[in-house]
Each structure stands twice: as structure tokens, then as C-alpha cells.
Amino acid sequence: MIPQWIIEKKRDGLALSPDEIRFFIDGFTLGTIPDYQMSALAMAIFLKGMSAAETAVLTDAMLHSGDILDTSSIDKPKVDKHSTGGIGDKVSLILAPLVACCDIAVPMISGRGLGITGGTLDKLDSIPGYRTNLSTEEFLDVVRKCGCSIIGQTKQIAPADKKLYALRDVTGTVASIPLITASIMSKKLAEGIDALVLDVKWGKGAFMSTYERAVELAQSMIDVGANMGKKVDAVITDMNQPLGRTAGNSLEILESIQTLRGEGPADLIEITLALGADMLVLCGKAASLDEGKAILRKFLDNGQALERFARMIELQGGHPDVTAHPEKWLPTARIQRDYLSPSKGYLAGVDAESIGKACLVLGAGRAKTDDLIDFAVGTSRLAKIGDQVEIRQPLVALHANDEARLAEAEKWVAGAFTFSENRVDRPCLIK
Ligand code: URA
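The following paragraphs examine the structure supplied in this document.

Pairing is antiparallel across the open sheet formed by three strands, whose spatial order is E6-E10-E8. A single partner strand is all that each edge strand has here, and the edge strands are strand E6 (335-340) and strand E8 (378-380). Taken over all neighbouring pairs, the strand axes of this sheet differ in orientation by 30 degrees on average, direction set aside. Bridge count for E8 against strand E10 (residues 394-400) is three bridges, and the pairing is antiparallel.

If you want it as C-alpha cells, here you go:
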């Protein structure tokens, strides 16, 4: 088969055969198909789309580019959740230890930041000593010992996705339903889980800008899951404003610890409990979402979820004292400056994309695949839609290590807030 003929076929809007898709993914994984041809095919898929049948084959080809974990030695239901990505989304860090308290195993393989959205792995990398690169055996061992583990993709897990994910990030091919479906589902199905809950985000800070596109993406992933005999459910959530009050790696670890201590922001708790309850229902640990939320609330309130998080950190090489004294362990930025409100009234909008771009220029994310991340920088104490604000009241704190970057980030932040003279309702987070 000739790679450029396959690219041309998709460029012209035709469906690819299963053999053509497998040939391309296998060749890309082995290195016989170079990055530039894979990028061209990704762009053609981005522009022309794929049918449900093509998406299922693409996912299967990416899944079988590596191994599927054998989790049979873990005698508990194995469930995971995955988010399509957003700004300030630190739910996985809270949810994995919380759900693990309910006699469920959560073997979580996470990704790095993509575009302006943060990645769970980058956040965990800000914890000194924490290893996100465990071997398969070490990973399963941590899950057996504390019920959850969060690592990055090993070389054996969906290697085609690992290569393609990095390429899409820098070729403008992220926000494509078939590519996101295959990327997420190939990694998740390789975890050897029984069930999966998806947090599909829509809005200014998400890859899907409209609610309708998010529903389409959710359906695409549910269809692929069903095709492979897995229980998959999706929750559609609003990502027009950032989640919680922080964005940036170590700042989000800090907010996750505060949330596990029962001191988290309302929106972060609401979404964590909703997704967690769904996980409990899917594996028969709760009869209803309300019952699931009540069970989870108990483990947040009695400190057991925080203890699990500390245990996971310790088992993966970090110091368990991080959760008791995060200020001692987590990197902090040299400069901290408040952005002051230019108006008074009610906040009508807090644009997630602008806050994400502010974090990116501060150095919290990558502009190129090999960029190094500054774990300490980002935003905190973010005001939220519906808040009543006075003139010169701080709306967000910027954490920076460089004055020039800070000045650029301030411009993005200045464009993030819109005001209304009239009271504004808080948006509905979960439709
Ligand atoms: N998360 C992933 O793992 N892959 C995508 O393509 C987007 C979000």
C-alpha cells in the first residue's frame, strides 16, 4: 500500500478500509511511515471526519499497537474516568483516591497537557520524587496496595497514540472527534478495566466548543466502548470558565489537596462527586447517583481519601508529607501579582481559553512538544461567574518566574473577564 494514496483518499472525503487504517497506524508505530505523512493524514481526518466504523477500526489499531494490561490479579471491579481536557481540571487527582476508598481499583493512565489544556501527568510531575513512569508490574503493584495509581503511558500502552498525541498537539489537529475518540479509548481500553466514565467538556476552554459537539464526541466514545464490550458512560460538563480556582501544575496539586481536606471549591466538588457516583453505579457499588455521592462525601469528610492520596504519592516515590505540608514540598513562583478588577458589578464571563493562554505564556504548558514546563507558574484565587466584584478587587493572582512573561499573561487575563450591572446566575456545570 502507498501511504500518500491513503492520505489522498481521505483528503477527498472517502472512507478508508480497515486494511488501509491498520497499515497506516502499524507503519507509523514502527517508524516506516514518517511523521509528515501521519500529520497529513491527521489533518485530512480532522477536515473530512471518519464514520463510526472507521473510528472503531482506528481505535482498535491504536489499542493493538501495544499491550492490553492483564489486571486479572486484582480481584476488585476496575473502573477509570477520563476527561477530554480543560483548564483547571484536576478532578483525576481527587477522584482516583476517593473512588479507591470504595473497594474499587482505579488503574489510571493519564496524559500530558495538550494545547492550552493541562495534563494530569504534568501536575503530578510537580510533586518532588513522584514517578509517573512506572513499569507495568510496578503500576499493578501500587493499584493492589492502595487501590489506585496514576501513571503516564508506558512504551507498551498504545504507542501509536503516544506518538500521534504529540504530533497532533503541534499540527493543529487536536479537536477532531475520531482522533480524540481513538486517542482516549485506545489508552483506556488498554488498562484492562471493566468500566469507564468520561467527562466530556464543551465550551471556550475545551476541544469541543459547543454542547452539541460534546454530545457527538461522547456518543462516538460510548459506541467504541460498546463495540468492545465495555460499560462506558459520559457526563457532559461546562468548560466555559476554568474549573476550581487554580490553573497551573503545582497550584492545582495544592487545590486538589485542599479539596481532599474538604476545603475545595464548590464546582470542583460537584463534578468530582458526579463522576465518582457514576463510577460507583457502573460497577454496582451504589444503587443510584445520589447514594454514590453520599458514599463518596463520607470519604472526603473523614480524611480517608486524602490518606489514600498520600499513600499513592509515597508508593510512587514522593514524600507522604506532601499532603500535610504542601507549601514545604511544592515549587512556588518568585513573583505573585494580583490582577485587579477594572469595573464593578457581577462577573458575566471568565473566559477559560484566555486563562489557559495566560498559563501557557507563563510557562505552565508547552508551545512545542519538547518545551520544558515551569511547574510553579499559573493562576490562583480566580473569581467565578456570578461573583459580585468591586472596582480594584483582585480577580485572579498570577504566579510567574519572569517579568516579560507576566506582562504577556496579564494581557490575556485582562481579556478574560466580562461584567454585568445585573445579577448573573452561576452556570449549570452538568447538563
Ligand atoms: N485526551 C486524550 O487522551 N486524547 C485526546 O486526543 C484529547 C484529550
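The structure having been displayed, the exposition proceeds.
Within the element layout of this structure, Leu114 appears in the loop between strand E2 (106-110) and helix H6 (120-125). Considered as a pair, Leu114 and Val170 are 56 residues apart in the sequence and their alpha carbons are 9.1 Å apart. Those residues in contact with Leu114 that sit more than four places away from it in its chain are Tyr165, Asp169, Val174 and Phe207.

Among the structural elements, Ser51 can be located in the loop between helix H3 (35-48) and helix H4 (52-63). When the C-alpha atoms of Ser51 and Leu14 are compared, they prove to be 9.9 Å apart, with 37 residues separating the residues in sequence.

Of all residues except glycine, most have a negative phi; of all peptide bonds, most are trans. Backbone geometry places Asp103, a non-glycine residue, at a positive phi of 60 degrees. Mapped onto the elements, Asp103 comes out in the loop between helix H5 (91-100) and E2. Accessibility expressed as a relative area gives 43% for Asp103, which makes it partly exposed. For Arg392, which is not glycine, the phi torsion reads 70 degrees and is therefore positive. Within the secondary structure, Arg392 sits in the loop between strand E9 (388-389) and E10. The class for Arg392 is exposed, based on a relative accessible area of 60%.

What follows concerns the packing of helix H2 (residues 18-30) against helix H8 (residues 159-169). Geometrically, a packed helix pair is captured by the angle between its two axes and the distance between the axes. H8 packs onto H2 with a crossing angle of 80 degrees between their chain directions and a minimal axis gap of 9 Å. Our classification of the angle between H2 and H8 gives roughly perpendicular. On H8, the residues that touch Ile25, Phe28 and Thr29 of H2 are Pro159, Ala160, Lys163, Leu164 and Leu167. Taken together, the residues of the contact of H2 with H8 sort by class into six nonpolar, one polar and one charged.

Across the eight residues that make up strand E5 (residues 231-238), a large majority, six, are buried. As defined by bridge partners, strand E4 (residues 195-202) adjoins E5 across eight bridges and the pair is classed as parallel. Considered in E5, the bridge of Leu198 is made with Ala234.

This brings us to the nonpolar core. Formed by 118 residues in total, the largest nonpolar core has its most connected members in Val200 and Phe417. Formed jointly, this core draws a minimum of three residues from each of two domains, domain 2 (79-153 + 168-322) and domain 3 (331-420). The residues contacting Phe417, other than those within four sequence positions of it, are Tyr339, Leu347, Gly349, Val350, Leu382, Ala383, Leu395 and Val396. Leu41, Met50, Leu164 and Leu167 belong to the second largest nonpolar core, which has 22 residues in total.

Here is what the cut-offs are and how they apply
- Residues numbered from 1 in each chain as written.
- Predicted model: local features only at pLDDT ≥ 70, side-chain atom pairs only at ≥ 80, totals over all residues.
- Heavy atoms only, no water.
- Pairing = 2+ DSSP bridges.
- Helix = DSSP H or I, 4+ residues; strand = E, 2+ residues; numbered from the N terminus.
- Axes fitted to C-alpha atoms, helices over the stretch in contact; angles between N-to-C directions.
- Contact = heavy atoms within 4.5 Å.
- Buried < 20%, exposed > 50% of the residue type's maximum accessible area, 1.4 Å probe, protein only.
- Parallel < 35°, antiparallel > 145°, perpendicular 65-115°, else oblique.
- Nonpolar A, V, L, I, M, F, W, Y, C, P; charged D, E, K, R; others polar.
- Core = buried A, V, L, I, M, F, W, Y, C linked by side-chain atoms within 4.5 Å.
- Domains from an automatic or database assignment.

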